[in-house]
Amino acid sequence: SLPIALTGCASGIGAATAALLASRGYTVIGIDRTATTGFAGDFIQADLSTPAGISAVIEKLTTLAPQGLAGLANIAGVPGTAPLRTVLSVNVFAVRELTRGLAPLLGERASVVNLASSVAFGWRSVAEACRDFALAEDQDQALEQAAADTAIAENSYLFSKQCVRLLTEQLAAEFVGARVRVNSVSPGPVQTPILDDFKKDHGQDKVNSAAELLGRFAAPEDIAEVIAYLLSSQPIWVNGTDVRVDGGLVAYRSSSVP
Ligand code: NAD
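Predicted, not measured: the structure shown is a model, and the values here were computed from it.

Asker: Help me understand unusual backbone geometry, please; the structure alone is not making it clear to me.
Answerer: Backbone phi values are negative for most residues with the exception of glycine, while trans is the configuration of most peptide bonds. Although it is not a glycine, Arg-109 sits at a positive phi angle of roughly 80 degrees. Inspection of the secondary structure puts Arg-109 in strand S5 (residues 106–115). For Arg-179, which is not a glycine, the phi torsion comes out positive at approximately 60 degrees. Turning to its location among the elements, Arg-179 is positioned in the loop between helix H7 (156–175) and strand S6 (181–187). Owing to a relative accessible area of 52%, Arg-179 belongs among the exposed residues under this scheme.

Written out as structure tokens, the structure is:
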């Protein structure tokens, strides 16, 4: 069967998803800026924060998967402690440009899965700003405007992940005629290397209280299971939507359950 391209394969959720897919017999082509040992499939080392890095990935995938791809998992992401331009370029523009750029390789029944976050659910007031940013044709101008907007600059990660959810709907609409599904997954806190950065960005107590409520943080495998399901051809009618995988955190926090 055709391979699945997966960004962020060197660590955390991406590594867990690549391992799960391989164990189920899929061929995975991994993409990451960090070299990784022990990766079973083909590996492309690239920096997704720049248009040049993204073009290089598209070119290499065209060579490695001449028959096309069964799916694309946009898992690479950076926390809000990284510079604003990096957060927005990797978390938003790389998802958009890689998905659109791989359109010729994504045949009928292919599935795209993007990583959003449950934190984005707490921040609904910026839908219009997200639309303008996520769909902006001039990336440099959009990044400059975002940097000048303190609400965005101080909440770059939340903003980027809200953009991912919006972008997921937009890309699903763009690909509907090609019969390619595009969905996003929104995890709550997951025990991976970037959890410490989230604690710095969102507050240690807030992040830790999630694990107190749920008994633990999510394991990368908890999220990988859902990503792998969406990438498979099973959920053929699930398209243009977000699947929250947070153990019930958002439901609990927005409820009146004491
Ligand atoms: P991680 O840090 O373990 O893995 C992220 C991977 O992305 C790393 O291998 C890193 O090298 C790669 N990456 C980062 N910038 C890159 C770039 N410019 N070019 C290429 N690769 C790059 O983090 P994770 O927890 O596995 O996160 C995976 C995704 O899940 C991210 O999009 C993250 O925002 C999202 N997410 C994570 C959590 C959590 O609590 N861990 C919660 C919600 C959403």
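Asker: Where do I start with the environment of Leu-2 in this structure?
Answerer: Inspection of the secondary structure assignment puts Leu-2 in the segment before strand S1 (4–7). Separated by 68 residues in sequence, Leu-2 and Ala-70 have C-alpha atoms that sit 5.1 Å apart. Ignoring sequence-local partners within four residues, the contact set of Leu-2 consists of Gln-67, Gly-68, Leu-69 and Ala-70.

Asker: Sorry if this is basic, but what is going on with a nonpolar patch on the surface here?
Answerer: A cluster of nonpolar side chains, contributed by Leu-213, Leu-214, Tyr-252 and Val-257, occupies part of the molecular surface with about 310 Å² of accessible area. Mapped onto the elements of the fold, Leu-214 is located in helix H9 (residues 204–214). Since its relative accessible area comes to 34%, Leu-214 is described here as partly exposed.

Asker: Looking at this structure, I do not really get the packing of aromatic side chains. What am I missing?
Answerer: When we look at a pair of aromatic rings, we describe it by the centre distance and by the angle of the planes. Applying the stated criterion to the full structure yields four aromatic pairs. Seen in terms of ring centroids, Tyr-157 and Phe-198 are 4.9 Å apart; in terms of plane orientation they differ by 50 degrees. Their pairing is tilted. Placement of Tyr-157 in helix H7 and of Phe-198 in helix H8 (residues 195–202) is noted, with a sequence separation of 41 residues between them. With a relative accessible area of 13%, Phe-198 lands in the buried category. Three or more aromatic residues joined by ring pairs form one cluster here, namely Phe-93, Phe-133 and Phe-159.

Rules and cut-offs
- Residues numbered from 1 in each chain as written.
- Predicted model: local features only at pLDDT ≥ 70, side-chain atom pairs only at ≥ 80, totals over all residues.
- Heavy atoms only, no water.
- Helix = DSSP H or I, 4+ residues; strand = E, 2+ residues; numbered from the N terminus.
- Buried < 20%, exposed > 50% of the residue type's maximum accessible area, 1.4 Å probe, protein only.
- Contact = heavy atoms within 4.5 Å.
- Patch = residues over 30% accessible without salt bridge, like charges linked within 9 Å, V, L, I, M, F, W, Y side chains within 5 Å.
- Areas by Shrake-Rupley, 256 points an atom, 1.4 Å probe, with all protein chains shown as cover.
- Salt bridge = Lys/Arg side-chain N within 4 Å of Asp/Glu carboxyl O.
- Phe/Tyr/Trp six-rings, centres within 6.5 Å; stacked < 30°, edge-to-face > 60°.

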